Amino acid sequence: MKWNSENREEFFAYIEKLTDEDTYTECMTALESIPMEERDYQVWYQLARAYQNFAIIGNDDQGTPSFIGDKFLLKSIDILNSVREEGQDKAEWNMRMAYAYQYLTHEEEKAIPYALRWAELDPEDKDALGVVKECREEIEKRSKVATEKVIDQETAEIDEDWGVYLCNAFAYDLPAVIRVNLALRDFEYTANYPNRLHLQILYKNANDSGFPTREEGEYVYSIEDAVEEIVEQHGDMLAGVVKCDERVRIFAYTKSELGYYDEISAVMSKNFPDYAYTLAIVDDSDWELYFQGLYPDRYEYQSIMNMRLIEDIKSDGDSMVPRVLEHCLLFKTEENGEAFLAKVMEDGFIKLSSENQTDNEDIDKEHLYVLVIGREDAFKNIDEIVWYLMDLAEEFDGEYDGWGCHIVK
């Protein structure tokens with residue numbers, strides 16, 4: 001059913017029908033189709049409710065993965081804040097704020113004041129105090145797990161080597177831009193930083209791909225900078241930033257959670273009050289998120305290296321026109337290298353040089369046959385070219401060892 005100003009009563013009856021049938025996606029679509037200029041408090045409230053139902057219950061009562069659900073809970077908070085003046089003295093508005101924070105990870109403390117206000121405005125609704133009880137139990141359970149132990153930490157220099165890459169399927173096949181400190185891969189004292197800080201912030205103007213507009217992206221950088229400053233003041237380390245699905249997620253590894261909730265809350269409320277966010281600090285003593293989520297796979301890592309080399313070429317005043325790009329590959333035997341060469345020559349590559357280092361006693365490594373090939377290509381295609389050569393080299397017991405080119409001005 002399509003909304004118009006004359007079928008208001010019928011339209012909201014239709015929304016109730018969809019809600020009763022647990023078809024929340026259809027419900028959201030119908031409400032989102034209402035023109036912005038025609039959305040009043042009731043429309044915004046119903047949309048916030050639909051977002052929450054989808055996040056908490058899911059279509060057909062099937063649930064929704066927390067990665068997706070968190071976004072819709074944050075969107076519901078953003079909506080409810082936009083009508084705070086009209087809703088703050090209504091039981092239903094406080095109920096929705098309470099539910100949103102209750103179901104967001106580690107945000108139960110924020111849910112309690114709204115649930116208490118809900119109970120005050122509607123004393124007959126026993127669910128309000130039920131939310132308070134559940135939240136307090138969860139907070140108490142979490143406090144028993146948390147530790148305030150100060151770790152006797154080895155003094156260690158925290159190196160930085162930041163790389164940026166595009167990940168085509170960060171979670172649930174969603175595209176993401178990831179900025180990660182590659183140097184932490186070889187950090188020796190990970191055991192001293194067993195807690196993972198996870199701050200997620202909802203964009204206000206994301207595009208269809210889930211990334212921020214250029215203007216908002218520049219603004220959100222200031223939030224990242226503020227959080228990084230807090231992390232550094234604690235002597236902890238920022239690990240990475242992920243932009244994905246209408247949110248930015250900031251990850252750091254910390255010695256403990258002490259002070260973070262109050263300090264980040266103060267910064268967000270003072271400097272960025274319009275942004276809905278969640279903050280959680282959880283145990284991740286094996287740094288699972290860093291190694292399995294943030295750190296690039298071999299293709300993504302090579303993409304970072306490609307990008308760096310291209311930036312170096314540009315900085316030399318290169319014209320960036322297509323030219324012969326030279327690729328170096330290493331093989332266990334000359335026979336494997338020559339077989340690889342025969343295959344890539346079918347794709348237009350030519351042999352530039354080769355060297356068999358088998359008789360060189362000063363070299364102690366597995367891949368002793370060095371092959372350099374070349375083909376005229378445009379820089380914009382470098383990732384696909386390199387990935388192809390990487391995969392093909394593996395078929396012949398070889399390794400890709402990088403590329404280069406002559407500068408053209």
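Residues numbered from 1 in each chain as written. Predicted model: local features only at pLDDT ≥ 70, side-chain atom pairs only at ≥ 80, totals over all residues. Heavy atoms only, no water.

**What to know about the sheet that holds strand β8 (residues 350–356)**
Put simply, the rule reads: By definition, two strands form a pair when at least two bridges between them are found by DSSP. A helix here means a DSSP run of H or I that spans at least four residues, while a strand means a run of E at least two residues long, and both kinds are numbered starting from the N terminus. Axis lines are fitted through C-alpha atoms, for helices just across the contact stretch, and the angle between N-to-C directions can take any value from 0 to 180 degrees. Any two residues whose heavy atoms approach within 4.5 Å are treated as being in contact.
Pairing within the open sheet is antiparallel, and its four strands lie in the order β8-β9-β7-β10. Each edge of the open sheet is held by one strand with a lone partner, namely β8 and β10 (398–404). The mean inter-strand angle of the sheet, taken between neighbouring strand axes irrespective of direction, is 20°. Note that β8 and strand β9 (residues 369–377) share six bridges and pair antiparallel. Counterpart to serine 353 in the pairing with β9 is valine 372. Helix α13 (residues 334–345) rests against β7 (323–331), β8 and β9 of the sheet, and its axis sits at about 10° to β9.

**Brief notes about the packing of helix α12 (residues 298–315) against helix α14 (residues 382–395)**
Heads up, the rule is: If an angle is under 35 degrees, it is roughly parallel; if it is over 145, roughly antiparallel; if it lies from 65 to 115, roughly perpendicular; otherwise it is oblique. Each crossing gets its hand from how the near helix is turned against the far one by less than a right angle, where anticlockwise is left-handed and clockwise is right-handed.
Here α12 crosses α14 at 135°, and the two axes come no closer than 10 Å. As judged from the angle between their axes, α12 and α14 are oblique. Crossing of α12 over α14 shows right-handed handedness. Contacts from Arg298, Tyr299, Gln302, Ser303, Asn306 and Ile310 in α12 reach Ile382, Asp383, Val386, Trp387, Met390, Asp391 and Glu394 in α14.

**As for the packing of aromatic side chains**
Counted only if it meets this: Between 30 and 60 degrees the pair is tilted, below 30 it is stacked and above 60 it is edge-to-face, where a pair is any two Phe, Tyr or Trp rings, Trp via its six-membered ring, whose centres lie within 6.5 Å. A simple rule labels every residue: compare its accessible area, found with a 1.4 Å probe on the protein chains alone, to the largest value its type can have, and call it buried under 20%, exposed over 50%, or partly exposed in between.
In total, this model carries 24 aromatic pairs according to the counting rule given. Ring centres of tyrosine 219 and tyrosine 275 lie 5.8 Å apart, and the angle between their planes is 25°; this geometry places the pair in the stacked category. On the criterion of sequence distance, the pair formed by tyrosine 219 in helix α9 (residues 214–233) and tyrosine 275 in the loop between α10 (260–271) and β6 (277–283) is long-range, its members being 56 residues apart. Taking 5.9 Å as the distance between ring centres and 55° as the angle between the ring planes, the aromatic pair formed by tyrosine 290 and tyrosine 295 counts as tilted. Residue classification places tyrosine 295 among the buried residues on the basis of a relative accessible area of 18%.

**Observations regarding the pattern of salt bridges**
Inclusion rule: Salt bridges are counted wherever a side-chain nitrogen of Lys or Arg sits within 4 Å of a carboxyl oxygen of Asp or Glu.
Inspection of every chain in the model, using the stated rule, returns 27 salt bridges. For aspartate 40, the salt bridge goes to arginine 8, with nearest N and O atoms at 2.6 Å. Highlighted residues: aspartate 40 in the loop between α2 (24–32) and α3 (41–56) and arginine 8 in helix α1 (residues 8–20), separated in sequence by 32 residues. Overall, the relative accessible area of 31% leaves aspartate 40 in the partly exposed class. A salt bridge links aspartate 391 to arginine 298; the nearest nitrogen and oxygen atoms lie 3.0 Å apart. Highlighted residues: aspartate 391 in helix α14 and arginine 298 in helix α12, separated in sequence by 93 residues. Classification of arginine 298 as partly exposed rests on a relative accessible area of 35%. Connected through shared salt-bridge partners, Lys71, Lys75, Asp245, Glu246 and Arg247 make up one network.

**Focus: α14**
The condition that has to hold: A helix's residues, less one, multiplied by 1.5 Å, set its expected span.
Its 14 residues place the ends of α14 20 Å apart at the C-alpha level, agreeing with the 20 Å of an ideal helix rising 1.5 Å per residue. If you check which residues of α14 are buried, you get Ile382, Asp383, Ile385, Val386, Leu389, Met390, Leu392 and Ala393. Directly after α14, the chain includes aspartate 397, whose backbone phi takes a positive value near 55°.

**What to know about the environment of serine 319**
Within the secondary structure layout, serine 319 lies in the loop between α12 and β7. A residue is classified by how much of its surface remains accessible, and serine 319, at 34% relative accessible area, is partly exposed. Each C-alpha atom of the pair serine 319 and alanine 50 lies 53 Å from the other, and the pair is 269 residues apart in sequence. Beyond its immediate chain neighbours, meaning those up to four positions away, serine 319 contacts Val408 and Lys409.

**Quick word on the pairing of strand β3 (residues 195–202)**
β3 sits mainly inside the fold: eight of its eight residues count as buried. Every second residue of β3 is oriented toward a common face, with Asn195, Leu197, Leu199 and Ile201 on one face and Arg196, His198, Gln200 and Leu202 on the other, all of them buried. With eight bridges connecting them, β3 and strand β5 (residues 247–254) associate as antiparallel partners. Directly across from asparagine 195, in β5, lies its bridge partner threonine 254. Bridge count between β3 and β6: seven bridges; the pairing is antiparallel. Among the inter-strand pairings, histidine 198 is bridged to a residue of β6, identified as alanine 280.

**A closer look at the sheet that holds strand β4 (residues 237–244)**
Taking strand neighbours across the sheet as the criterion, the six strands line up as β1-β2-β4-β5-β3-β6 in an open arrangement whose pairing is antiparallel. Two strands in the sheet have a free side with no partner beyond their single neighbour: β1 (162–171) and β6. The sheet shows a mean angle of 20° between the axes of neighbouring strands, taken without regard to direction.

**Overview of the packing of helix α6 (residues 91–103) against helix α7 (residues 108–121)**
α7 packs onto α6 with a crossing angle of 155° between their chain directions and a minimal axis gap of 8 Å. Classed by the angle they form, the pair α6 and α7 counts as roughly antiparallel. As α6 runs across α7, the sense of the crossing is left-handed. On the side of α6, the interface is formed by Ala91, Trp93, Asn94, Met95, Met97, Ala98, Tyr99, Tyr101 and Gln102, while α7 contributes Glu108, Lys110, Ala111, Tyr114, Ala115, Arg117, Trp118 and Leu121.

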